[in-house]
Amino acid sequence: MNENPIIFEEQGHPTIKVFDDKISIKAKDYSNYRDFKLDKIKSLEFYRPYENSLLGILYGLHPFLKKYRDKDDYVLRIKLKDGNYWDYETTYKYNPNFKTLIESLQSRLLTK
């Protein structure tokens, strides 16, 4: 196990520690970490909740509502192989380091 994990910690995002065989995540509104073994994770998704719904389409079409939709927070969803999932809210602000970390974890999951 890696003694020196990769740590992502920025305001508005969950704190993530990446080890060789697991990740530990602390929600932005919670004080404890939750561990996920990489071999138990099915997928990671990073999305806005309304993007894939009818309400999201309507928000996109209406100019007044579209203004507020741009401020919707993103969600990081961890889907486990046993069918359970955990959602972690993130900020609406784009962070290239967070995106890179998620993409790196997704590629690691594909090679498992």
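Residues numbered from 1 in each chain as written. Predicted model: local features only at pLDDT ≥ 70, side-chain atom pairs only at ≥ 80, totals over all residues. Heavy atoms only, no water.

### What about the overall build of the chain?
In terms of regular secondary structure, the chain is built from three helices and seven strands. Looking at the chain residue by residue over its 112 residues, the buried ones come to 32%. Taking as baseline every contact in the chain between residues at least 6 positions apart, the subset at least 24 positions apart corresponds to 48%. (Helix = DSSP H or I, 4+ residues; strand = E, 2+ residues; numbered from the N terminus. Buried < 20%, exposed > 50% of the residue type's maximum accessible area, 1.4 Å probe, protein only. Contact = heavy atoms within 4.5 Å.)

### Notes on helix H3 (residues 96–111)
A rise of 1.5 Å per residue sets the reference length of H3, with its 16 residues, at 22 Å; its end C-alpha atoms lie 23 Å apart and thus fit the reference within 8%. Here H3 has its buried residues at Phe98, Leu101, Ile102, Leu105 and Leu109. Take H3 and look down its axis: the buried residues cluster within an arc of 95°, on one side only. In this structure, H3 carries Leu110 and Thr111 as exposed residues pointing more than 90 degrees from its buried face. Looking at the buried side of H3, the elements it contacts are strand E1 (6–8), strand E2 (15–18), strand E3 (22–26), strand E5 (41–47) and strand E6 (75–80). Near the N-terminus of H3, the side chain that reaches the backbone nitrogen of asparagine 97, with its oxygen 2.9 Å away, is that of asparagine 95. (Expected span 1.5 Å × (residues − 1). Arc of directions from axis to C-beta. Polar contact = N/O pair within 3.5 Å; in protein donor to acceptor, adjacent residues only side chain to side chain.)

### Overview of the pairing of E2
A regular strand carries its side chains on alternate faces of the sheet. For E1 and E2, the ladder comprises three bridges, and the chain directions are antiparallel. Residue pairing across strands places isoleucine 7 opposite lysine 17, the latter belonging to E2. Counted between consecutive antiparallel strands, the loop separating E1 from E2 contains six residues, among which glycine 12 sits at a positive phi close to 90°. Relative to E3, E2 runs antiparallel, the two being bridged by four bridges. (Pairing = 2+ DSSP bridges.)

### Looking at the environment of tyrosine 94
Relative to the helices and strands, tyrosine 94 resides in the loop between strand E7 (85–89) and H3. When its relative accessible area of 62% is taken as the criterion, tyrosine 94 is described as exposed.

### So, the nonpolar core
Membership of the largest hydrophobic core comes to 19 residues, with the highest contact counts inside it found for Ile16, Ile23, Ile25, Phe36, Ile41 and Ile78. At the level of elements, E2, E3, E5, E6 and H3 are the ones that each hand at least two residues to this core. Residue contributions to this core peak at five residues, all from H3. (Core = buried A, V, L, I, M, F, W, Y, C linked by side-chain atoms within 4.5 Å.)

### Re the sheet that holds E6
Judged by pairing direction, the sheet is antiparallel, and its three strands sit side by side in the order E5-E6-E7 without closing on themselves. Only two strands of the sheet have a single neighbouring strand rather than two, namely E5 and E7. Pairs of neighbouring strands in the sheet enclose a mean axial angle of 15°, with direction left out of account. Pairing of E5 with E6, which is carried by six bridges, proceeds in the antiparallel orientation. Paired with leucine 44 across the strands is isoleucine 78, a residue of E6. Strands E5 and E6 of the sheet are contacted by H3, whose axis makes an angle of about 155° with E5. (Axes fitted to C-alpha atoms, helices over the stretch in contact; angles between N-to-C directions.)

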